Amino acid sequence: MTYQQILDQGKECLRQAQIPEADLGAWYLFAECFKMDRARFFLCSQEEAPSDQIDRYQSFLRGRLRHIPLEYLIHRTEFMGLSYYVDSRVLIPRQDTECLVEEALLLCKDKDVLDLCTGSGCIGISLAVLGACRSVTLSDASEEALAVARENGLAHSVDVAFVKSDLFEEVDGDFDIIVSNPPYIARKEIQRLMPEVRDYEPVMALDGGEDGLFFYKKIMDQLPGHLRRGGMVLFEIGFDQGKAVRRLLENRAFVRIEVKKDLAGLDRVVCAQYEG
Ligand code: GLN
């Protein structure tokens, strides 16, 4: 079979099963299996493909038919223009989260930064690579997630600290900036998520308690002693949580609270200054 035939078949197979973004998914799996980019494909699409790699492609397609996220199949995703290793131990970094990193990048030069609930490490490591921070600490309650974050830290050769900690429990010292994309899906909503997320991503990284706000409250309550006076906290939030998270901050010692929108025009990030 030629490369062209294999790719066409892959697209057709995912389309027929109504897998979301079938064509794009078929291409990415194909590109990964055959180490192909658009330019190379253009040159060799009519050549015969090696059969052992065809088998691998087919097993990838079977994975997508079972709704395994594409990123878990190829173990890779792009975030802030950087490549991150991912597997089912961590939430897959989302493009929406780049919005949080963009805001933090405006503030983090020469600062001590803590990324709480770091998962794959995508937020803290991106800040360490791009942000000229004084220090970056990454923490997560899951040892398994931290193993992935460590791997990503090594791959990007960043000098960051890793702490296994349930929120601030094991975190020493204080910081100028605390960033977090905590689990924020209301528990009863989880069943309604797409199967890729609901059945494969770590529920621990999704479940934000009854109202989805559990971690914001807990982080805000534990924050005194860890965020320096005048320091900033930046949270990613769900599109419908802007008002609620703003109110939680207003009821505590935070000022200059701002809710920022993502590229789709939805509330996505809340920033506030600590005056405690
Ligand atoms: N910080 C990681 C991310 O943004 C993981 C977030 C989480 O596990 N809730 O992708």
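Scroll up for the structure.
Residues numbered from 1 in each chain as written. Predicted model: local features only at pLDDT ≥ 70, side-chain atom pairs only at ≥ 80, totals over all residues. Heavy atoms only, no water.

Enquirer: For this particular structure, what's the right way to read the overall build of the chain?
Expert: Looking only at helices and strands, one finds eleven helices and nine strands in the chain. Taken over C-alpha atoms, the radius of gyration comes to 21 Å for the chain, in line with the 19 Å a tight globule of 276 residues would show. In the chain, buried positions account for 52% of the 276 residues. Contacts spanning at least 24 positions in sequence make up 63% of the contacts within the chain whose residues lie at least 6 apart. Accessible area for the chain stands at about 13500 Å²; split by element, carbon and sulfur atoms hold 50% of it. Taking the average place of the 33 positive charges on the side chains of the chain and the average place of its 46 negative ones, the gap between the two points comes to 3 Å. (Helix = DSSP H or I, 4+ residues; strand = E, 2+ residues; numbered from the N terminus. Rg over C-alpha atoms; globule rule 2.2 N^0.38 Å. Buried < 20%, exposed > 50% of the residue type's maximum accessible area, 1.4 Å probe, protein only. Contact = heavy atoms within 4.5 Å. Areas by Shrake-Rupley, 256 points an atom, 1.4 Å probe, with all protein chains shown as cover. Lys, Arg positive; Asp, Glu negative; His and termini not counted. Charge placed at Lys NZ, Arg CZ, Asp CG, Glu CD.)

Enquirer: Could you clarify how one ought to interpret the side chain of Ser120 in this entry?
Expert: Take Ser120: it is sitting in the loop between β3 (112-116) and α7 (122-130). Classification of Ser120 by relative accessible area gives buried; the value is 2%. Engagement of the side chain of Ser120 in a polar contact is seen with the backbone nitrogen of Cys122, the distance being 3.3 Å. Setting aside residues no more than four positions away along its own chain, Ser120 makes contact with Tyr84, Val86, Val90, Leu91, Pro93, Ile125, Val148, Ala149 and Asn152. (Polar contact = N/O pair within 3.5 Å; in protein donor to acceptor, adjacent residues only side chain to side chain.)

Enquirer: Is there a simple way to think about the sheet that holds strand β8 (residues 254-261) in this case?
Expert: Remark on secondary structure: sheet strands pair via backbone hydrogen bonds, oriented parallel or antiparallel. Pairing in this open sheet of seven strands is mixed, and the strands run β5-β4-β3-β6-β7-β9-β8 from one edge to the other. The open sheet has two free edges, formed respectively by β5 (161-164) and β8, since each of these has just one partner strand. Ignoring strand direction, the axes of neighbouring strands in this sheet form an average angle of 15°. Relative to strand β6 (residues 175-180), β3 is paired through four bridges, and the arrangement is parallel. Residue pairing in the sheet places Leu116 in a bridge with Ser180 of β6. Of the strands in this sheet, β7 (227-236), β8 and β9 (267-274) are in contact with helix α11 (residues 242-250), which crosses β8 at around 170°. (Pairing = 2+ DSSP bridges. Axes fitted to C-alpha atoms, helices over the stretch in contact; angles between N-to-C directions.)

Enquirer: What is the right way to look at the site of the ligand in this model?
Expert: Close contacts around the ligand come from Leu91, Pro93, Thr97, Cys117, Thr118, Gly119, Cys122, Ile123, Asn181, Pro182, Pro183 and Ala205, and that covers them all. Note that a nitrogen atom of the ligand is positioned 3.2 Å from one of the backbone N or O atoms of Thr118. Within the backbone of Ala205, an N or O atom sits 3.0 Å from a nitrogen atom of the ligand. Considering the ligand on its own, with 290 Å² of exposed area, one finds that the protein chains cover 97% of that surface. (Near = heavy atom within 4 Å.)

Enquirer: So what exactly am I meant to see when it comes to the packing of aromatic side chains here?
Expert: The way to describe two aromatic rings as a pair is by their centre distance and the angle between their planes. All chains considered together, the criterion is met by twelve aromatic pairs. Plain terms: the ring middles of Tyr3 and Phe34 are 5.4 Å apart, the flat faces sit at 85° to each other, and that makes the pair edge-to-face. Remark: Phe34 occurs in the loop between α2 (22-33) and α3 (38-44) and Tyr3 occurs in helix α1 (residues 3-16); sequence separation between them is 31 residues. Among the residues examined, Tyr3 registers a relative accessible area of 6% and is labelled buried. Linked through ring pairs, Tyr3, Trp27, Phe30, Phe34, Phe41 and Tyr57 together constitute an aromatic cluster. Positioned above the aromatic ring of Trp27, the side-chain terminus of Arg38 is 3.8 Å from the ring centre. (Phe/Tyr/Trp six-rings, centres within 6.5 Å; stacked < 30°, edge-to-face > 60°. Lys NZ or Arg CZ within 6 Å of the ring centre and 35° of its normal.)

Enquirer: Can you help me understand the side chain of Asp140 in this one?
Expert: Position of Asp140 among the secondary structure elements: in strand β4 (residues 135-140). Here Asp140 sits buried without a salt bridge, and the closest side chain of opposite charge, Lys164, lies 8.1 Å off (N-O distance). For Asp140, the side chain forms a polar contact with the main-chain nitrogen of Thr118, separated by 3.3 Å. Dropping the residues within four chain positions of it, Asp140 is found in contact with Cys117, Thr118, Gly119, Ala145, Leu146, Val163, Lys164 and Ser165. (Salt bridge = Lys/Arg side-chain N within 4 Å of Asp/Glu carboxyl O.)

Enquirer: Got a minute to help me understand α1 in this structure?
Expert: Every α-helix carries 3.6 residues per turn, so stepping three or four residues along brings you back to the same face. In this model, α1 (14 residues) spans 20 Å end to end at C-alpha, consistent with the 20 Å of a helix rising 1.5 Å per residue. Regarding α1, the residues found buried are Tyr3, Ile6, Leu7, Gly10 and Leu14. Seen along its axis, α1 keeps its buried residues to an arc of 95°; they face one direction. Phi turns positive one or two residues past the end of α1, at Gln18, with a value near 55°. (Expected span 1.5 Å × (residues − 1). Arc of directions from axis to C-beta.)

Enquirer: Sorry if this is basic, but what is going on with the pairing of β8 here?
Expert: Taken together, the six bridges between β8 and β9 define a ladder with antiparallel strand orientation. Its bridge partner lying in β9, Lys261 is registered against Asp267. The loop that links β8 with its antiparallel partner β9 comprises five residues; one of these, Gly265, has a positive phi angle of about 80°.

Enquirer: Sorry if this is basic, but what is going on with the nonpolar core here?
Expert: Here is a general trend for soluble globular proteins: nonpolar side chains tend to be buried in one another's company. Of all hydrophobic cores here, the largest spans 32 residues; its most connected members are Tyr3, Leu29, Phe30, Phe34, Met36 and Tyr57. For this core, the element with the most residues is α2, which contributes seven residues. Filtering out sequence-adjacent residues up to four positions away, Met36 remains in contact with Tyr3, Trp27, Phe30, Ala31, Phe41 and Cys44. Residues Phe175, Val233, Phe235 and Val245 belong to the second largest nonpolar core, which totals 31 residues. (Core = buried A, V, L, I, M, F, W, Y, C linked by side-chain atoms within 4.5 Å.)

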